[in-house]
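# Coordinates in review
Here's the letter readout for the chains.
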Amino acid sequence: MTIHVLALFPEILGPGLAAGVIGRARARGALAIHLHRLRDYATDKHQQVDDAPYGGGAGMVMKPEPLVAAIEHVSAGDRPRRILLSPRGALFTHARARALAVEPSILLVCGRYEGVDERVLAVVDEELSIGDYVLSGGEPAALVVIDAVARFVPGVLGNVASPEDDSHASGLLEYPQYTRPEEFRGARVPGVLLSGDHGAIARWRRREALRTTLARRPDLLAAAALDDDDRAFLRSLGWAG
Ligand SMILES: C[S@@+](CC[C@H](N)C(=O)[O-])C[C@H]1O[C@@H](n2cnc3c(N)ncnc32)[C@H](O)[C@@H]1O
């Protein structure tokens, strides 16, 4: 998969994309990431990319000409799916990350200041928000989207881990995880995990995932795939669904 990022400050993304899972995937060639500097597409001698808002008000708005020129230039090759990062966008979710991972190429457009001129929307395919809060710029949001999408790209996680085991994959939060030592500050690892009984471990994990989801995100249960045993267990914990 190829990921393009268009930003005023692409240097914010560099270190985050050089290390860990993403860095290794890039080194193996499982992922190609290209960072594009918006100011390179400014046409005036001051390389201005923002201007005052029509109608007045605080802050500056990103001008349409450099943004559209950059989006069209970057799209000229592999025609990526063009995504504008915006707090007004649809909420970015596990399901959206999985769906975007099948795209051969995406372009993430990062705003700054008070956002982008509305006419830029004519050249983007969708707007995505990473949450109900406002960042100073789209660069951190692009890092979040890249990391979550890349986990679904074949070859990125390797064979040892699967994004389908993580929280949200089944519509539930993940069960608790433990590693050595067996006892830490008086807290012992649940005995079933030491039993070697894989059926019992799978049942315990399922129930703990249900218990955790009910305690922390009961809203998720409405859309989760639950069988009769799951429902009975949840009702025993006080679930009214
Ligand atoms: C300060 S914000 C602009 C906020 C805008 N005035 C508004 O109220 O919708 C600057 C840029 O940060 C990015 N951004 C801020 N919050 C975001 C979020 N929750 N998700 C995705 N991008 C975000 C967008 O690219 C946005 O153009």
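Model, not experiment: these values are computed from the prediction.

Right, let's talk about the site of the ligand for a bit. Lining the immediate environment of the ligand, one finds 20 residues, of which Leu85, Gly111, Glu114, Tyr133 and Leu135 sit closest. Ser86 places a main-chain nitrogen or oxygen 3.4 Å from a nitrogen atom of the ligand. Within the backbone of Gly111, a nitrogen or oxygen atom sits 2.8 Å from an oxygen atom of the ligand. Relative to its free-state accessible area of 580 Å², the ligand is covered by the protein chains to the extent of 84%. Put simply, the parts of the chain that give the shell around the ligand at least two residues each are strand 5 (81-91) and strand 7 (126-129).

The subject of this paragraph is the sheet that holds strand 2 (residues 32-37). Strand order in the open sheet formed by 5 strands is 2-1-6-5-7, and the pairing between neighbours is parallel. In the strand order of this sheet, the two ends are held by strand 2 and strand 7, each with one partner. Strand after strand, the sheet turns through a mean of 30° between neighbouring axes, direction not considered. Against the sheet, helix 3 (residues 64-75) touches strand 1 (2-7), strand 2, strand 5 and strand 6 (105-109), its axis set at about 165° to strand 6.

This brings us to the side chain of Glu208. If you trace the backbone, Glu208 turns up in helix 6 (residues 198-216). With a relative accessible area of 13%, Glu208 lands in the buried category. Each residue touching Glu208, except ones within four places of it in the same chain, is listed here: Tyr175 and Pro176.

Before going further, it helps to examine the nonpolar core. If you look at the biggest cluster of nonpolar residues, it comprises 31 residues, and the most contacted ones within it are Ile3, Leu31 and Leu108. Where this core is concerned, the elements lending two or more residues are strand 1, helix 2 (20-28), strand 5, helix 4 (94-100), strand 6 and helix 5 (139-150). Sort the elements by how many residues they give to this core and helix 5 lands first, with 6 residues. Setting aside anything within four residues of it in sequence, one finds Leu31 in contact with Met1, Ile3, Ile22, Ala25, Arg26, Ala150, Val153 and Val156. Core analysis: the next-biggest nonpolar cluster, separate from the first, contains 19 residues, Leu6, Ile71, Val123 and Val124 among them.

The next point concerns the pattern of salt bridges. Tallied over the entire structure, the rule returns 15 salt bridges. When the shortest N-O distance is used, the salt bridge between Glu118 and Arg88 registers 2.8 Å. Residue Glu118 is found in the loop between strand 6 and strand 7, and its partner Arg88 is found in strand 5; the two are separated by 30 residues along the sequence. Under the relative-accessibility criterion, Arg88 is labelled exposed at 59%. With its nearest N and O atoms 3.0 Å apart, the salt bridge here joins Arg217 to Asp219. Three or more residues joined by partner-sharing salt bridges are found here, namely Arg81, Arg96 and Glu126.

Turning next to the packing of helix 6 against helix 7 (residues 228-236). Closest axis-to-axis distance for the helix 6/helix 7 pair is 10 Å, and the angle between their directions is 50°. Classified by the interaxial angle, the pair formed by helix 6 and helix 7 is oblique. Remark: the crossing between helix 6 and helix 7 carries right-handed chirality. Packed against helix 6, whose contacting residues are Arg206, Arg207, Leu210, Arg211 and Leu214, the element helix 7 presents Asp230, Phe233 and Leu234 at the interface. Its residues assigned to classes, the contact of helix 6 with helix 7 shows 4 nonpolar, no polar and 4 charged.

Parameters and conventions
- Residues numbered from 1 in each chain as written.
- Predicted model: local features only at pLDDT ≥ 70, side-chain atom pairs only at ≥ 80, totals over all residues.
- Heavy atoms only, no water.
- Near = heavy atom within 4 Å.
- Polar contact = N/O pair within 3.5 Å; in protein donor to acceptor, adjacent residues only side chain to side chain.
- Areas by Shrake-Rupley, 256 points an atom, 1.4 Å probe, with all protein chains shown as cover.
- Helix = DSSP H or I, 4+ residues; strand = E, 2+ residues; numbered from the N terminus.
- Pairing = 2+ DSSP bridges.
- Axes fitted to C-alpha atoms, helices over the stretch in contact; angles between N-to-C directions.
- Contact = heavy atoms within 4.5 Å.
- Buried < 20%, exposed > 50% of the residue type's maximum accessible area, 1.4 Å probe, protein only.
- Core = buried A, V, L, I, M, F, W, Y, C linked by side-chain atoms within 4.5 Å.
- Salt bridge = Lys/Arg side-chain N within 4 Å of Asp/Glu carboxyl O.
- Parallel < 35°, antiparallel > 145°, perpendicular 65-115°, else oblique.
- Left-handed = near helix turned anticlockwise from the far one by under 90°.
- Nonpolar A, V, L, I, M, F, W, Y, C, P; charged D, E, K, R; others polar.

Interpretation note: all reported values are geometric properties and have no functional meaning in isolation.
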